[in-house]
Amino acid sequence: MEAFHLLSRGGAKFDKQRFKSDVSLFTGNGTKESKCSTFAHAPEGELPPELDFFKYAQGGNTKRKVLDAEVDPKGKRRKVEDGSEDEEANGEQAGDDPPMPRHRVTTKGKNVPEHVETFDALRERYSLSSQLLQNLAHHGYKRPTGIQSYGIPILMEQRDLAAISPTGTGKTLSYLLPVMAALGTPAGSSKGDSGSGVRAVILAPTRELAHQIHNECLKLAQGRKWRIVLFSKATASTLVDKKVREKIDLIISTPLRLVASLQAGNLELDNVRHLVLDEADRMLDAEFMEQVQEVIAACTHPEVQKAVFSATLPANAEKVAMSMLRDPIRVVVGLKDTPLPLIAQSLTYVSDDQSKLPTLLQYLSQPYNPPVLVFVSSQPRANSLAEELVISGVANVDCLHAGMTKKEREDAISRMRRGDSWVMISTEVMARGMDFKGVREVINYDFPQSVQSYVHRIGRTGRAGREGKAITYFTNQDAPFLKTIANVLLQSGSTVPEWILKLPKPSKMKRREMGKIKRAEAVNNARRIGRGDAIKRREMIAGSKRRKEKEQQRKEKQAAASPSGDDADGES
DNA sequence: AAAAAAC
């Protein structure tokens, strides 16, 4: 603690030996089993007073806004309770899932189909193959979540849908089930009556998310002969053969990949009947917009059903989304742009960028629930923070950003899924959609750039009814945006020190100015987190190269020993 | 408002 105290003042040397012993103490006993029983216990309590702004405010009343449950039932708007009376879990692992929280559901639109209480009710109402229901049961889906019980009937009745539902509440299944139900006979089969070529397209903003959706898809598709393709460079190259493309039933892809194939003339989407945009607001960002429009334009079938899903949907994005849809129904579960109350959120003051590393090291020197997901604002910062943590002796540090190779990214994800990663440093690439069941702690090392980013980042925890914890570091430079995020905490039932709420809302001019300063500093700091130096960095890189080579050799040996390839997550 | 991500 003393060492940390000195460190936090900046100049003092870090007592690495001592710190290491702390770390090994914690790494030695199986931290995976250690339960974080008291979320109320904030790490800020451990901070030296000069870093602990909470302390000044504590004792005073922290304010908690009571959620307003009333919404004016205007026009066609309906207000209903999430059907699940039974406190049954909806997660993917059968048995030990906590109950899903109940949310209010509001629907808007013409002739909204009645929601269902159970998956069996779907079977009674629509022709749903028993295989599909069997697969659901087999993978531990028991009762539909709010978005599933409302969204699935809407999509089953061929309606367009804009669905807004909090992170970790089962949006993926909400669109996959109806799409799979509609696929019917596999493409190219002699009995087929639905024309030839791809019949469904699902777009996601990152490769990792597309991959995850593909995996979910394969679970549901067990026992059926559909060709479900996770689109990549490799699969795209097989499409040169027209016979191959005609046999594809469903494509899951990132937009640009798909556009590239369209422009190369290696793909037709004229028989697509279902188009889903996951993380819709992200997909309708300026940078993705054009690509998405191109995909939409290529889906020329007159009966193409479109659906958009997200946990957040800012007004302008919603406008764009609604204008794309035909006679749409809008479903909102819970409160838009609001995290789950299950996630215990807190804000930690760290004065400036240099103070972040010691604060994080201090945090990781105490027992925590791995894996912890740490978000930073840029790729170089992700690299250097990961290096710093390794140098400081933190165990099982991983890093993931889009500057890494495909294989590096895939490896990082599988380490994460296996539970081998204890501290995962990542950029926005991981902020949306990724579902790691074990993540119970998220740290925003760098302040999020928007409310949407905040909501999605912390939504990596608190999934499928589990509890989670989210800590956000803020510096003096983040002050102009602090209040906005503080309000999000309040909305979702977390507490915020009163002094933050009393901050005046800075004028637009001021925010712009501060933003400029912040950006300039970010550039300066981009390649320097804490006290790293070039030599250490070179050693690190050399070390990781050696490790990679060894791993490669081991894999080659393995491959030689067992000729059967792994097609667990391959492209079908 | 800006970075990241998409190929």
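Chain A is annotated in an unreviewed UniProt entry as RNA helicase from Ganoderma sinense ZZ0214-1. Checking UniProt for chain A, the heading Subcellular location (unreviewed entry) contains the comment "Nucleus".

Draft legend 1. Broad picture of the overall build of chain A. Scanning chain A from N- to C-terminus turns up 22 helices and 15 strands. The buried share of chain A, taken over its 572 residues, is 52%. Within chain A, counting contacts between residues at least 6 apart in sequence, those at least 24 apart form 79% of the total. Accessible surface, chain A: about 26300 Å² in total, of which carbon and sulfur atoms supply 51%.

Draft legend 2. Representation of unusual backbone geometry within the structure. Each neighbour pair has its own omega, and for P370 with P371 the value is 0 degrees, a cis peptide bond. Although it is not a glycine, Q158 sits at a positive phi angle of roughly 65 degrees. Within the secondary structure, Q158 is located in the loop between α6 (146-156) and β3 (161-164). Its relative accessible area of 43% is what places Q158 among the partly exposed residues. Unusually for a residue other than glycine, N396 sits at a positive phi of about 55 degrees. Structurally, N396 is set in the loop between α16 (379-391) and β12 (397-400). Overall, the relative accessible area of 36% leaves N396 in the partly exposed class.

Draft legend 3. Region of interest: the packing of aromatic side chains. Summed over the entire model, instances satisfying the criterion amount to four aromatic pairs. Residues Y349 and F474 carry aromatic rings whose centres are separated by 5.5 Å and whose planes lie at 55 degrees to one another, so their mutual orientation is tilted. One end of the pair, Y349, is in strand β10 (residues 343-349); the other, F474, is in strand β15 (residues 468-474), and 125 residues separate them in sequence. In terms of burial, Y349 and F474 fall into one category: buried. Each ring, one from Y445 and one from Y473, has its centre 5.9 Å from the other, and the planes form 50 degrees; the classification is tilted. Remark: Y473 occurs in strand β15 and Y445 occurs in the loop between β14 (441-444) and α18 (451-458); sequence separation between them is 28 residues. Y473 matches Y445 in its accessibility class, with the two residues each being buried.

Draft legend 4. Looking closely at the nonpolar core. In this structure, M180, L250, L389, V423, I425 and M430 are the most contacted members of the largest nonpolar core, which totals 106 residues. Element by element, the count of residues in this core is highest for helix α7 (residues 171-183), at seven residues. Shared between two domains, this core takes at least three residues from each, and those domains are domain 1 (39-64 + 339-528) and domain 2 (82-185 + 195-333). Beyond its immediate stretch of four places on either side in the chain, V423 contacts L364, Y368, V372, V374, L389, V394, N396, V397 and D398. Judged by nonpolar contacts, the second largest core, of 32 residues, contains L267, L284, V304 and A321.

Draft legend 5. Geometry of the UniProt feature "short sequence motif: Q motif" (unreviewed entry) in chain A. Those places that UniProt annotates as "short sequence motif: Q motif" (unreviewed entry) correspond, in this numbering, to residues 121-149. The span residues 121-149 shows a helical share of 62% and a strand share of 0%, and its end C-alpha atoms are spaced 10 Å apart.

Draft legend 6. Representation of the confidence of the model for chain A in the model. Taken over all residues, the pLDDT of chain A has a mean of 77, while the share at 70 or more is 70%. Long-range and interchain partners of residues 1-95, a stretch whose pLDDT sits below 50, account for 174 contacts in this model, where long-range means more than four residues apart. Low confidence marks residues 525-548, where pLDDT is under 50. Its contacts with residues over four positions away, or in another chain, come to 32 contacts.

Draft legend 7. Structural detail: α6. With eleven of its eleven residues buried, α6 lies for the most part within the structure. Taken together, the buried positions of α6 are occupied by G146, I147, Q148, S149, Y150, G151, I152, P153, I154, L155 and M156. Once α6 ends, the next one or two residues include Q158, with phi positive near 65 degrees.

Each value, and the rule that gives it
Residues numbered from 1 in each chain as written. Chains lettered and ligands numbered in written order. Predicted model: local features only at pLDDT ≥ 70, side-chain atom pairs only at ≥ 80, totals over all residues. Heavy atoms only, no water. UniProt positions renumbered as here; feature names shortened; annotations may be inferred. Helix = DSSP H or I, 4+ residues; strand = E, 2+ residues; numbered from the N terminus. Buried < 20%, exposed > 50% of the residue type's maximum accessible area, 1.4 Å probe, protein only. Contact = heavy atoms within 4.5 Å. Areas by Shrake-Rupley, 256 points an atom, 1.4 Å probe, with all protein chains shown as cover. Phe/Tyr/Trp six-rings, centres within 6.5 Å; stacked < 30°, edge-to-face > 60°. Core = buried A, V, L, I, M, F, W, Y, C linked by side-chain atoms within 4.5 Å. Domains from an automatic or database assignment. pLDDT = per-residue confidence, 0-100.

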